[in-house]
Amino acid sequence: MKKLILSICVMLFAAIALLGAPAQAQERKVRFGVMKIGALSNVHLAKEQGFFKKHGLDVELVFIRSGAEGITAMQSGSIDVTLAIPGYALVANERNFDLVMVMQNEIAHATPPDTGGIVVAKDSKISKLSDLAGGTVAVNALRAQEAVSAQYLIKKAGVPRDKIKYVEVPFPSMWDVVTRGQADAVVAIDPFTTTFVQRGGRVISWMYVDAIPEMPIGAFWSKRAWAEKNADTLERFTLAMEESIVYMNADPKRARGVVAEYTRLPSELIEAMPHFAWSSKVNLRKWGELVEMLKSMDELKSTPKPEDYFFATQKRRLGLK
């Protein structure tokens, strides 16, 4: 009888302990809009290496074709966070999209070479931007930040906007357009910039660096309403992504391996490409210069303070209220 009573007591104590123990924290779900581009290889790393899981997140990668598509998907509620080039998101906010910048992911290099360039054919007579007067320039999208940067530089070189014909051409088709003489120059980003150079093209301007060295060119955005309801989730998200950036920047050779794994690009192309300048450290002056450039090119009607569109996680890191 004593053994039976003892057994029952042990079972009761075990049951009480289980009931009293806190439930295992449920991982916070984030649907993250990403593209198959080298600059997002650190997102792939964060997923594969368990950085998201380490910070209590269950991140689903949802593949999109562009930052514009990602912002549209956020508006419909099908994703929570997306990559968008800052210029496009700032313009979207001026049209009442009410986005907040969760985290900066990439900047332009401080000095050339960079991951984007204005490229001409090897035998082209064009050697400088002013030579493009009266010519045709191919861009992927007229209002994309790389295109606006190129237009800004060409204008600074003394060529009025109406003296250039800009045509929209997908990145993969740009080299054919140049070699057939249908365009005098193309505005490309990697891997296409490096691919065109390997095929004999010449870079006459590194548009990001030449316009604004260390210009912010990649950031993660969310709708303000969702961000405010999920502030703790975004804090964890930021910590995981910052960890991935530290990993990628610590060893460029190792980072190239991650880029190759994620993009499936040929290793010889990845070796020739400049290292992506991953950086979560926000330079408010550079963001301000970007706003001024967009305003000067009539992309923005107003001159917003960039920090007004930063989420709380970024403001804390900058010491802003």
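Structural notes, computed from the coordinates. Quantities reported herein were computed from a predicted structural model and do not represent experimental measurements.

A few words on helix α14 (residues 284-296). Helix length check: α14, at 13 residues, gives a terminal C-alpha distance of 18 Å against a target of 18 Å (1.5 Å per residue), a fit within 8%. Within the sequence span of α14, burial applies to K286, W287, L290, V291, M293 and L294. Down the axis of α14, the smallest arc covering the buried residues is 160 degrees, so these residues share one side. Tucked inside the fold, the buried residues of α14 contact α5 (86-94), β4 (99-107), α6 (145-156), α9 (207-211) and β10 (216-223). Among the residues of α14, the N-terminal cap falls to N283, whose side-chain oxygen and the backbone nitrogen of R285 are separated by 3.0 Å. Just beyond α14, the residue with positive phi is D298, at close to 60 degrees.

All right, on to the pairing of strand β7 (residues 165-168) then. Judged from the four bridges that link them, strand β6 (residues 136-139) and β7 form a sheet pairing that is parallel. Residue pairing across strands places A138 opposite V167, the latter belonging to β7. For the segment spanning β6, α6 and β7, crossover handedness is right-handed.

What follows concerns the sheet that holds β10. In space, the five strands of this open sheet follow the order β2-β1-β3-β10-β4, with mixed pairing throughout. Among the strands making up the open sheet, the edge pair consists of β2 (57-63) and β4. Shown here is a sheet whose adjacent strand axes are inclined to one another by a mean of 25 degrees, direction ignored. Pairing geometry for strand β1 (residues 28-34) and β2, over seven bridges, is parallel. In the sheet register, F32 faces β2, and the bridge partner there is L61. Lying over the sheet, α14 contacts β4 and β10, oriented at roughly 90 degrees with respect to β10.

The rules behind the values
- Residues numbered from 1 in each chain as written.
- Predicted model: local features only at pLDDT ≥ 70, side-chain atom pairs only at ≥ 80, totals over all residues.
- Heavy atoms only, no water.
- Helix = DSSP H or I, 4+ residues; strand = E, 2+ residues; numbered from the N terminus.
- Expected span 1.5 Å × (residues − 1).
- Buried < 20%, exposed > 50% of the residue type's maximum accessible area, 1.4 Å probe, protein only.
- Arc of directions from axis to C-beta.
- Contact = heavy atoms within 4.5 Å.
- Polar contact = N/O pair within 3.5 Å; in protein donor to acceptor, adjacent residues only side chain to side chain.
- Pairing = 2+ DSSP bridges.
- Right-handed = clockwise from strand over helix to strand, strands pointing away.
- Axes fitted to C-alpha atoms, helices over the stretch in contact; angles between N-to-C directions.

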